Each structure stands twice: as C-alpha cells, then as structure tokens.
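The residues making up each chain are set out below.
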Amino acid sequence: MEFLLPTLREKRQVDSLIKDTIDKVLVLRFGRASDTVCLQLDDILYRSTRDVSRFATVALVDVDSNEIQVYIKYFDITLIPSIVFFFNAHHMKMDSGNADHTKWVGTLQSKQDFIDVVEAIYRGAMKGKFIVNCPLPPERIPKFQLLYKDV
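Residues numbered from 1 in each chain as written. Predicted model: local features only at pLDDT ≥ 70, side-chain atom pairs only at ≥ 80, totals over all residues. Heavy atoms only, no water.

What about the pattern of salt bridges?
A side chain with one charge may pair with a side chain of the opposite charge, provided their charged atoms come close. Per the counting criterion, the structure on display carries 10 salt bridges. Between Arg32 and Asp64 there is a salt bridge, with its nearest N and O atoms 2.9 Å apart. Of this pair, Arg32 sits in the loop between β2 (25-31) and α2 (36-52) while Asp64 sits in the loop between β3 (56-62) and α3 (69-74), and the two are 32 residues apart along the sequence. Linking Arg47 and Asp43 is a salt bridge whose minimum nitrogen-to-oxygen distance equals 3.2 Å. Of this pair, Arg47 and Asp43 are both found in helix α2, four residues apart, which corresponds to roughly one turn of the helix. Taking the relative accessible area as the measure of exposure, Arg47 reaches 40% and is therefore partly exposed. (Salt bridge = Lys/Arg side-chain N within 4 Å of Asp/Glu carboxyl O. Helix = DSSP H or I, 4+ residues; strand = E, 2+ residues; numbered from the N terminus. Buried < 20%, exposed > 50% of the residue type's maximum accessible area, 1.4 Å probe, protein only.)

Here it is in structure tokens:
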C-alpha cells in the first residue's frame, strides 16, 4: 500500500504536512510496510480516502526511519499500527475507552469504522474540541494492555 498512499520518511515531511493541512483532519498511520496488520489497515485507509477526501488527508509514516524516531518517542508509539490525528496543526485525541487517548492503536474492522472515526474527529474539531468520544461500539475497539516502565 506504500505506493498508493503518501509515505513519509523524514521529519521535515511530517512537520510540513502537519503545518500545511488546514481545515482537514490529518490521519498519520505509524507502522511498517512489511507488517500484515499494517497492510490490512492500509487497505482500509486506501479504500476510504476518496470518501473522506473533503475533510481528511491520509498519510503513512515509516517507523523504521531514523528521522521519524522523534515522533515515535513523543507519541509513545510502542505498538503498531498506530494512528495519530491532527486538525489545523493541533493534536486531536479520542476517548475510546482505553487509557491512552492520544492515538488509535491497532487496526479498524471496516472502511465504515474509519469513516465514522474521522468524521467524529472532524465534527469535534470544527466545534473547537481537542478530545472527542469514539463513535464505535466497544466490541469494535481493539483492546491492549498498557505496561508502564519504572512506575
């Protein structure tokens, strides 16, 4: 899917995309092109880009790139795939029932799930909110256990 969606490997590419995406939700998928779960998510993202193109931009971020490690540390991306959302250069958060509201960890089950999530973030951002509630039912939200080091 790397050839179908823009793939960012440099920090300046990510910085400029975050800064230059105005009045749209920016969806950054952090992951690897060789990972099967990332490929499943990339397929959903690619099939949805046309439907969300009026209010969202989707890009892939290669976690193996050395320059991207700044973002990996900043957003604490330990599990892939992870999706981070922005709106007008502001980091958007989503309460999905997990302890971490800063990103979506794991894949989505369908194209419609992705569209619903992006639309909820867009509507919340247009109202001036920086955190929105997840529109998906709890059984369709991936569950994971957070492990904290040195706590």
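Quick look at the pairing of β3
Consecutive side chains along a regular strand alternate between the two faces of the sheet. Counting buried positions along β3 gives six out of seven residues, so the element sits mostly inside the fold. With two bridges joining them, strand β1 (residues 7-8) and β3 adopt parallel strand pairing. Residue pairing for β3: Leu8 is matched across the bridge by Val61. The handedness of the β2 to β3 crossover, carried by α2, is right-handed. (Pairing = 2+ DSSP bridges. Right-handed = clockwise from strand over helix to strand, strands pointing away.)

Details of the nonpolar core
Membership of the largest hydrophobic core comes to 28 residues, with the highest contact counts inside it found for Val25, Val27, Phe85, Trp104, Leu108, Phe114 and Val118. Elements with a contribution of two residues or more to this core: β2, α2, β3, β4 (82-87), β5 (90-95) and α4 (111-126). Among the elements that line this core, the one with the most residues is α4, at six residues. When residues no more than four places from it in sequence are discounted, the contact partners of Val118 are Val25, Val27, Phe55, Ala56 and Phe85. Core analysis: the next-biggest nonpolar cluster, separate from the first, contains 16 residues, Leu8, Ala59, Val63 and Phe86 among them. (Core = buried A, V, L, I, M, F, W, Y, C linked by side-chain atoms within 4.5 Å. Contact = heavy atoms within 4.5 Å.)

Focus: the side chain of Ser65
In this structure, Ser65 sits in the loop between β3 and α3. Residue Ser65 is classed as buried on the basis of its relative accessible area, which comes to 12%. Polar side-chain contacts of Ser65 include one of 2.4 Å to the backbone oxygen of Arg9. (Polar contact = N/O pair within 3.5 Å; in protein donor to acceptor, adjacent residues only side chain to side chain.)

A short note on the side chain of Asp113
Looking at the secondary structure, you find Asp113 in helix α4. At a separation of 2.6 Å, a polar atom in the side chain of Asp113 contacts the side chain of Arg140. Not counting chain neighbours up to four residues away, the residues in contact with Asp113 comprise Leu108, Leu136 and Arg140.

Looking at the packing of aromatic side chains
As enumerated under the stated definition, the model contains six aromatic pairs in all. Judged by centre distance (6.4 Å) and plane angle (55°), the ring pair of Phe30 and Phe75 falls under tilted. With Phe30 in strand β2 and Phe75 in the loop between α3 and β4, this pair connects stretches of sequence that are 45 residues apart. Look at Phe30 and you get buried, because its relative accessible area is 0%. Look at Phe75 and you get buried, because its relative accessible area is 6%. Each ring, one from Tyr71 and one from Phe75, has its centre 6.2 Å from the other, and the planes form 10°; the classification is stacked. One aromatic cluster in this structure is built from Phe30, Tyr71, Tyr74, Phe75 and Phe86. (Phe/Tyr/Trp six-rings, centres within 6.5 Å; stacked < 30°, edge-to-face > 60°.)

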